[in-house]
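One letter stands for each residue in the lines below.
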Amino acid sequence: MGGLGVRWKVHGDGRVPAPGAVVRPDERLSWPRTAGLGAQHVVAMFGASFVAPVLMGLDPNLAIMMSGLATMLFLLATRGRVPSYLGCSLSFVGVAAVIRGQGGSSATVTGAILVVGTVLFLVGLAVQRFGARIIHAVMPPVVTGAVVMLIGFNLAPVTASTYWPQDQWTALLTMLLTGLAVVCLRGFWSRIAILLGLVAGYLMSWAFDTVFGRIHSPDAGGKTVDHWRLDLSGVGKADWFGLPSVHAPDFSWSPVLVALPVVIALVAENAGHVKAVGEMTGDPLDDKLGTAISADGAGSVLSTAFGGPATTTYSENIGVMAATRVYSTAAYWAAACFALLFGLCPKFGAVVAAIPGGVLGGITVILYGMIGLLGAQIWINNGVDMRNPLNLVPVAAGIIIGIGGVDLKITDNFELGGIALGTLVVLTGYHALKALAPAHLKGQEPLLDEGTSGYDEGYDEPR
């Protein structure tokens, strides 16, 4: 069992780490304290993890449950050396919106994401076989940054046309409160700023319904009618205990091609997170990078096979470790068990599903923009020079295509557009131009980009 990373030595007296000491991944505090740390990890991942399935039109109960199972799979695969939580990935929110806009169902969405998870698994195997250099060769920082950026900014029309119009004043106030929470709060509270903004918007919507009554605006279906901002009718009907709804994935070429570019963002994110954990624990994890990427892909396959969203390593939880200096994987096992319990409560899922559209409008204005700007952070971290036309030209063209929703009709039944076409232009355009460019434009770039987050202990950065 020790070889699977599920046996831990008690750190010190099991109560409080000594000043300056850290609790290593193969150590733990007392079980009550470990359970408390696990609960803290659940709260940290909660904001983004239940927003993701709601925005994608998937079952939040199933999403939370599958995040727990995927985390267990990840911890076993990495033999307890990489403490990390696999929450629900926000990178596919834009993909889901595009697929549904093309008439796709939840089964079509999860089928496309399952294929992406499979590709991510295979990428991890390739990294195990050939080393991290293969990532740099195919996806240098200029490419990964551009793809992350267009994935985030491609979501802007979803906020503008779907969520914000449902209740513009609640959306505006939620945006302002969330922005204040992100900027003004410190430590652990800054890491759950999105969750705090959602709760504030939720309560605001209830208060506005009580004071002003129904609102005349577009509902979730886009039809302008009188409706309550917060509809809790489904909460009363939901059971306290029960299995979440599941469905089988459905596969179609067009949705798969729309989703495939997200692989680049997930590889960059995993690379950054594994690097950050290795630096914090003092245990270099380069030899586990391929395993971590494959485990993330396997977790996504497991989740989507039952109708859940994709999973990914979460920076919120890595931030909690940086703040507490407790890197015990036992705490992540506890968090995974708590997530399973949440998934078995349909009433909890009904509360989540009732989040008003105006609240989501205020949240997504910030959230989608943050996702996009993480691409710029990759460029900054790696010193990508946008004065170099080799970088500038493919990135400029790809981002405008991705954000603007430009389409390329190939046959009567097949076309590329948006995220898929933008990524293809950036990736192939960069490598084609590099092969033809004069020597003075080909500078040496960093071996591996730093992913999408930094984790200096003196700086608290929300996801």
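Residues numbered from 1 in each chain as written. Predicted model: local features only at pLDDT ≥ 70, side-chain atom pairs only at ≥ 80, totals over all residues. Heavy atoms only, no water.

- By the naming in an unreviewed UniProt entry, the chain goes by Nitrate reductase and is assigned to Streptomyces spirodelae.
- What UniProt states about the chain under its Subcellular location (unreviewed entry) heading is, verbatim, "Membrane". (UniProt positions renumbered as here; feature names shortened; annotations may be inferred.)

## Some thoughts on the packing of helix α8 (residues 168–184) against helix α18 (residues 357–381)
And then number 1: In the contact formed by α8 and α18, the axes pass within 7 Å of each other and the chain directions differ by 45°. The angle between the axes of α8 and α18 places the two elements in the oblique class. At the point where α8 passes α18, the crossing takes the right-handed sense. The segment α8 lies against α18, with T170, A171, T174, M175, T178 and G179 engaging G358, V359, G361, G362, I363, V365 and I366. (Axes fitted to C-alpha atoms, helices over the stretch in contact; angles between N-to-C directions. Helix = DSSP H or I, 4+ residues; strand = E, 2+ residues; numbered from the N terminus. Parallel < 35°, antiparallel > 145°, perpendicular 65-115°, else oblique. Left-handed = near helix turned anticlockwise from the far one by under 90°. Contact = heavy atoms within 4.5 Å.)

## Considerations on helix α16 (residues 329–343)
And then number 1: The terminal C-alpha atoms of α16, which comprises 15 residues, lie 21 Å apart, in line with the 21 Å expected from a rise of 1.5 Å per residue.
And then number 2: When we look at burial in α16, the residues that qualify are T329, A330, A331, Y332, W333, A334, A335, A336, A339 and G343.
And then number 3: Regarding α16, its N-cap is S328, as a side-chain oxygen of that residue lies 3.1 Å from the backbone nitrogen of A330 further along. (Expected span 1.5 Å × (residues − 1). Buried < 20%, exposed > 50% of the residue type's maximum accessible area, 1.4 Å probe, protein only. Polar contact = N/O pair within 3.5 Å; in protein donor to acceptor, adjacent residues only side chain to side chain.)

## Concerning the side chain of S67
And then number 1: Relative to the elements of secondary structure, S67 occurs in helix α2 (residues 60–77).
And then number 2: One polar contact links S67 to Y85, side chain to side chain, over a distance of 2.8 Å.
And then number 3: When near neighbours in sequence (up to four residues on either side) are disregarded, S67 contacts M45, Y85, L86, G87, T311 and A339.

## A closer look at the side chain of E27
And then number 1: Its place among the elements puts E27 in strand β2 (residues 27–28).
And then number 2: Among buried Asp, Glu, Lys and Arg side chains, E27 stands out as unpaired, with K9 the closest opposite charge at 4.9 Å.
And then number 3: E27 has contacts with W8, K9, H11, V22 and S328, leaving out every residue within four places of it along the chain. (Lys, Arg positive; Asp, Glu negative; His and termini not counted. Salt bridge = Lys/Arg side-chain N within 4 Å of Asp/Glu carboxyl O.)

## Looking at the packing of aromatic side chains
And then number 1: As enumerated under the stated definition, the model contains one aromatic pair in all.
And then number 2: In this arrangement the basic side chain of K347 is found over the ring face of W240, its NZ or CZ atom lying 5.2 Å from the centre. (Phe/Tyr/Trp six-rings, centres within 6.5 Å; stacked < 30°, edge-to-face > 60°. Lys NZ or Arg CZ within 6 Å of the ring centre and 35° of its normal.)

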